[in-house]
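# Secondary and tertiary structure notes
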Amino acid sequence: SEYTATFTTNEYYIPEKVQPNWVGYSFLPPPNSDGSINFEAELVLEFDEAIDPITVEPGTTVLVHRVITIAGPGGAVVKSGEYPVTVTASRDGTRFNLEPAVNWGSEAEVTVTLTEGIKDLAGNPVVPRPLNPTQTNPFSFTTEPKPGLTLVDFVVETFADNDYEDTTLSDP
């Protein structure tokens with residue numbers, strides 16, 4: 001005996017419109033007992049669904065600002081500005097590790113802001129506040145003291161030949 005099946009498809013695609021949530025952030029390794037963060041710690045951002053990794057972009061949708069004070073013979077020098085990070089996505093796209101370009105620095109004050117430019121795979125913008133009620137956006141953290149730590153101050157300038165220049169400073 002012969003079976004025949006017939007079905008009809010809808011010619012319209014109905015896109016998913018649910019905004020993803022930012023669950024919160026954590027550090028690897030975890031904070032020290034005094035609440036300070038290891039100067040080489042990775043910052044982990046977690047979301048409740050897969051995020052398009054192209055939209056997690058340092059300097060555009062993830063803003064990382066660092067302020068550091070360096071004591072010297074002529075007095076303290078304060079360095080402030082955007083700080084470069086490397087972003088790595090988890091396989092499932094729900095976690096993103098932000099690793100400092102070199103290290104955060106000794107007793108650095110780091111502020112991180114997430115924008116609505118971060119989107120899920122359907123193009124929906126992330127709700128820019130964490131679900132964790134003890135966390136905020138933007139958020140800040142301070143790194144542990146590390147005397148003698150060599151710092152790299154990234155100068156964000158473009159020169160005629162498109163080269164970038166950096167300066168190494170030492171914290172006594």
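Right above here is the structure, for reference.
Every value quoted in this text rests on a predicted model; they were computed, and no experiment measured them. (Residues numbered from 1 in each chain as written. Predicted model: local features only at pLDDT ≥ 70, side-chain atom pairs only at ≥ 80, totals over all residues. Heavy atoms only, no water.)

### A closer look at the overall build of the chain
The test is simple: Here a helix means four or more residues in a row that DSSP labels H or I, a strand means two or more in a row labelled E, and each is numbered from the N terminus. We call a residue buried when its accessible area falls under 20% of the maximum for its residue type, exposed when it is over 50%, and partly exposed in between, using a 1.4 Å probe and counting protein chains only. Two residues form a contact once any of their heavy atoms are found within 4.5 Å. All accessible-area figures derive from a Shrake-Rupley calculation using a 1.4 Å probe, and residue coverage is judged against the displayed protein chains alone.
Secondary structure assignment for the chain yields zero helices and eleven strands. The order of helices and strands in the chain, counted from the N terminus, is β-β-β-β-β-β-β-β-β-β-β. Looking at the chain as a whole, 33% of its 172 residues qualify as buried. Within the chain, contacts between residues at least 6 apart in sequence are counted, and of these 67% link residues at least 24 apart. For the chain, the accessible surface area stands at approximately 10,600 Å², while carbon and sulfur atoms represent 52% of it.

### Let's talk about the sheet that holds strand β3 (residues 62-70)
Here is the rule: A pair of strands is considered paired only if DSSP assigns at least 2 bridges between the two. For helices, the fitted axis covers only the stretch in contact; all axes are lines through C-alpha atoms, and the angles between them, taken along N-to-C directions, range from 0 to 180 degrees.
Taken together, the four strands give an open sheet; going across it, the order is β4-β3-β7-β9, and neighbouring strands pair in antiparallel fashion. Whereas interior strands pair on both sides, the edge strands pair on one side only; in this sheet they are β4 (77-82) and β9 (139-142). Here the average twist between neighbouring strands, direction ignored, is 15°. Here β3 pairs with β4 via six bridges, running antiparallel. Of the residues in β4, the one forming a bridge with Ile70 is Val77.

### Here we look at unusual backbone geometry
Following Leu28, the chain continues to Pro29 via a peptide bond in cis, the omega torsion being -5°. The residue Pro29 is located in the loop between β1 (21-28) and β2 (42-47) in this model. Here the residue pair Asn137 and Pro138 is connected by a cis peptide bond, since its omega of 0° sits within 30 degrees of zero. Note on placement: Pro138 falls in the loop between β8 (127-130) and β9. Of note, Glu107 is a non-glycine position whose phi angle comes to about 50°, a positive value. One can find Glu107 in the loop between β6 (95-100) and β7 (109-114).

### Let's talk about the pattern of salt bridges
For the record, the criterion: The term salt bridge refers to a side-chain nitrogen of Lys or Arg lying within 4 Å of a carboxyl oxygen of Asp or Glu.
Summed over all chains, the structure comprises one salt bridge. Across the pair Arg95 and Asp92 runs a salt bridge, and its minimum N-O distance is 4.0 Å. A residue is classified by how much of its surface remains accessible, and Arg95, at 35% relative accessible area, is partly exposed.

### Remarks on the environment of Leu98
Its place among the elements puts Leu98 in strand β6. Placed 53 residues apart in sequence, Leu98 and Leu45 show a C-alpha to C-alpha distance of 7.9 Å. In contact with Leu98, other than residues within four places in its own chain, are Ala41, Glu42, Leu43, Leu45, Val62, Val64, Val85, Thr86, Val87 and Trp104.

### A word on the nonpolar core
Soluble globular proteins tend to bury their nonpolar side chains together. Quick note on the threshold: Within this scheme, the nonpolar core is defined by two criteria: the residues are buried Ala, Val, Leu, Ile, Met, Phe, Trp, Tyr or Cys, and they are joined through side-chain atoms within 4.5 Å.
In this structure, Leu45, Phe47, Val64 and Val112 are the most contacted members of the largest nonpolar core, which totals 26 residues. Of all elements in the fold, only β1, β2, β3, β6, β7 and β9 reach the threshold of two or more residues within this core. Residues contacting Leu45, with those up to four places away along its chain left out, are Trp22, Gly24, Tyr25, Thr94, Arg95, Phe96, Leu98, Leu114 and Phe139.

### Comments concerning the sheet that holds strand β5 (residues 85-89)
Spatially, β5-β6-β2-β1-β8 is the arrangement adopted by the five strands of the open sheet, whose pairing is mixed. Lying at the two open borders of the sheet, with one neighbouring strand each, are β5 and β8. Geometrically, the sheet is characterised by an average inter-axis angle of 30° between neighbouring strands, direction not taken into account. In terms of strand pairing, β5 meets β6 through five bridges, oriented antiparallel. Residue pairing in the sheet places Val85 in a bridge with Pro100 of β6.

### Let's talk about the packing of aromatic side chains
Selection rule: When the centres of two rings from Phe, Tyr and Trp lie within 6.5 Å, Trp using its six-membered ring, the rings pair. Their planes under 30 degrees apart give stacked, over 60 give edge-to-face, and anything left gives tilted.
Overall, the coordinates contain eight aromatic pairs when judged by the stated rule. Aromatic side chains Tyr25 and Phe139 sit 3.7 Å apart centroid to centroid with 10° between the ring planes, which places their arrangement in the stacked category. Taken together, the positions of Tyr25 in strand β1 and Phe139 in strand β9 put the pair 114 residues apart, joining distant regions of the chain. Exposure class is identical for Tyr25 and Phe139. Each is buried. Seen from their ring centres, Trp104 and Phe141 are 5.4 Å apart, and the 85° between their planes marks the pair as edge-to-face. In this pair, Trp104 is assigned in the loop between β6 and β7 and Phe141 in strand β9, connecting sequence segments 37 residues apart. Through successive ring pairs, a cluster of aromatic residues spans Trp22, Tyr25, Phe27, Tyr83, Trp104, Phe139 and Phe141.

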